[in-house]
Amino acid sequence: MNLSDPSNWKDKLSNFRQLGGIETSILDNGAGRGTRIAWINTGTGLRYKVVLDRGMDILDAFHNEHSLSWISNAGHVSSQPFSNQGIDWLRTFGGGLLTTCGISSMGPPNEDETGSRGLHGNYSNTPAELISIKQPNIYSGDLNFEIVGVIRETTTFGPSLELKRTISGSLGKAEISLKDEVFNRGNSPAPHMVLYHINCGWPLINEGTRIVWNGEIQPRASDDSMSEFNKKNRFTKCSAPLEGHSAFGEDVAFIVPKADQNDQVTCGYMNDALELGLSISFSKKQMPWLINWQHWGKNEYVTALEPATNPPIGQAAARKDGTLILLKPGESRIYEIKMKVLKGASVKEFKM
């Protein structure tokens, strides 16, 4: 059914929720008890959960009967703002379709003369201040919706970063649009790094699912320890579960992606057998790196495509090699990502 054509449903509905929209609630059980969430239904089979108290990241995501995202053993965990030393971040990592890493440091734990920072930073353990919700209007024919919040990473006498996140879409379109605006609200330069961990799992991800991207893999010191599967397939296919990926086993590619004439990088996962795919697009000028993380552990089966400002090397290493972004007081950066569900023939046709 084409929802974008009002003639299909005009004068037949009392409430827009019959088509979709945004519904907020609070979890009342388990490790996520007390967490604010927002379920978004696009009316196309695509529905997803925005976790307001985890930086407005996205946990569950489904298209019809198929899960798109990977959910970790931890699952839905309430924000723990002081899980910011060493690898404590892993204790609260629920996976999900989107986990944001940063916004002042991302990558491994690191330390230098400016201080110490834990794995992947503070962002995903920070609650958002909800600013607004716009619902679709079936009477005016405006089928657009959006939810907006502000997340702050700040310390007195130190860096003060503010991120305004807008997640939006339209009834009748199986798409998620994300726009982040990062501001330096302080009075001194603020270190800034961000990486968008887009974690996908079964059944979208399965043995033989194509990983589609265009660019150049950068050589790494750890390449010798790469799985035989990726020495052969070079991060273009999904593997069956691998014994070598138990515990901390993984394969990671740092990719310099190629953009089209409009500065857009497009990548994604295509399951030809299911005729189901997820495309991801973003600006190379905004995020010049694309990371592919693969962890094919038994019962911990996941891969992620990750647009980023830097490889995940940590703030100290980025400062040392001169690639760390320092936002001036009042300066801002914008990051935009679009995720789109593909079905049918468009899946097999999706190639770079």
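Refer to the preceding data block for the structure.
Residues numbered from 1 in each chain as written. Predicted model: local features only at pLDDT ≥ 70, side-chain atom pairs only at ≥ 80, totals over all residues. Heavy atoms only, no water.

Asker: How should I be thinking about the pattern of salt bridges in this particular structure?
Answerer: When the charged atoms of two side chains lie near each other, side chains of opposite charge can form a pair. Under the definition given, this model contains 15 salt bridges. The partner of Arg36 in a salt bridge is Asp53, and the shortest N-O contact between them spans 2.6 Å. Here Arg36, found in strand 2 (residues 36–41), pairs with Asp53, found in the loop between strand 3 (46–51) and strand 4 (57–63); they are 17 residues apart in sequence, far enough to count as distant. Lys338 is the partner of Glu175 in a salt bridge, and the nearest nitrogen-oxygen pair spans 3.6 Å. Of the two residues, Glu175 is situated in strand 12 (residues 175–184) and Lys338 in strand 22 (residues 332–343); the sequence distance between them amounts to 163 residues. A residue is classified by how much of its surface remains accessible, and Glu175, at 16% relative accessible area, is buried. Residue Lys338 is classed as partly exposed on the basis of its relative accessible area of 35%. (Salt bridge = Lys/Arg side-chain N within 4 Å of Asp/Glu carboxyl O. Helix = DSSP H or I, 4+ residues; strand = E, 2+ residues; numbered from the N terminus. Buried < 20%, exposed > 50% of the residue type's maximum accessible area, 1.4 Å probe, protein only.)

Asker: Got a minute to help me understand the environment of Arg165 in this structure?
Answerer: You can see Arg165 is positioned in strand 11 (residues 160–170). For Arg165, a relative accessible area of 0% corresponds to the buried category. A polar atom in the side chain of Arg165 sits 3.2 Å from the backbone oxygen of Met56. For Arg165, the side chain forms a polar contact with the side chain of Asp180, separated by 2.8 Å. (Polar contact = N/O pair within 3.5 Å; in protein donor to acceptor, adjacent residues only side chain to side chain.)

Honestly, it's all geometry; don't read function into it.
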